[in-house]
Amino acid sequence: MLYAIIGTDVPASLERRRATRTDHLARLAALREAGRLVLAGPLPAIDSPDPGPNGFTGSLIVAEFASLEAARAWADTDPYVTGGVYASVEVRPFLKVLP
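Residues numbered from 1 in each chain as written. Predicted model: local features only at pLDDT ≥ 70, side-chain atom pairs only at ≥ 80, totals over all residues. Heavy atoms only, no water.

### Considerations on the layout of surface pockets
Condition: Here a cavity is any set of points on a 1 Å grid over the protein atoms alone where a 1.4 Å probe fits but cannot get out, and a pocket is any open set with protein on both sides within 12 Å along at least 5 of 7 lines; a residue lines the site when it has an atom within 4 Å of a point. Grid points are joined across faces, edges and corners, and a volume is the space filled by probe spheres set on the points. Counting from the N terminus, the helices are DSSP H or I runs at least four residues long and the strands are E runs at least two residues long. Throughout, the ten residues Ala, Val, Leu, Ile, Met, Phe, Trp, Tyr, Cys and Pro are labelled nonpolar, Asp, Glu, Lys and Arg are labelled charged, and all others, Gly among them, are labelled polar.
A volume near 260 Å³ is recorded for the largest pocket. Around the largest pocket sit 15 residues that line it, and Arg 17, Arg 21, Leu 25, Pro 42 and Tyr 80 are the ones nearest its centre. Of all elements in the fold, only helix H1 (14-33), strand E2 (37-44) and strand E3 (56-64) reach the threshold of two or more residues within the lining of the largest pocket. Top contributing element to the lining of the largest pocket by residue count: H1, with 7 residues. Here the residues of the lining of the largest pocket sort into 9 nonpolar, 3 polar and 3 charged.

### Observations concerning the pattern of salt bridges
Spelled out, the test is: The working definition used for a salt bridge is a side-chain nitrogen of Lys or Arg within 4 Å of a carboxyl oxygen of Asp or Glu. Here the term buried applies to any residue with accessible area under 20% of the maximum for its type, exposed to any over 50%, and partly exposed to those in between, with areas from a 1.4 Å probe on protein chains only.
Using the criterion set out here, one finds 4 salt bridges in the structure. In this structure, Asp 9 engages Arg 17 in a salt bridge whose closest nitrogen and oxygen atoms are separated by 2.7 Å. An identical accessibility class is assigned to Asp 9 and Arg 17; each is buried. Between Asp 78 and Arg 27 there is a salt bridge, with the nearest N and O atoms lying 3.3 Å from each other. One end of the pair, Asp 78, is in the loop between helix H2 (68-76) and helix H3 (79-82); the other, Arg 27, is in helix H1, and 51 residues separate them in sequence.

### Some words on unusual backbone geometry
For residues that are not glycine, phi is negative in most cases, and the peptide bond is trans in most cases. The amide bond that connects Leu 98 to the next residue, Pro 99, takes the cis arrangement and shows omega of -15°. Here Pro 99 is to be found in the segment after strand E4 (86-94). Although it is not a glycine, Ala 12 adopts a positive phi angle of roughly 55°. By secondary structure assignment, the location of Ala 12 is in the loop between strand E1 (2-9) and H1.

Here it is, written out as structure tokens:
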């Protein structure tokens, strides 16, 4: 089943994001290599592909996991969680309709 993982950043998270980004991306790469990653990316704080110092308000990940519990466990150990980037993380089942 697919799950949407929505992380909401703490205020002024940009430096924490930069410090933990490599480890965060490595985990996403492992999902991709396993054929389980549908999409992933940050949510810019402003309407721009490069928000600069405004940074980001969170992230969205859609990936396949065996269960909701497995998706939550994966999300709970993400470097953006353990590194204090995310203030909260929501994990919800997701049904892909298009494309």
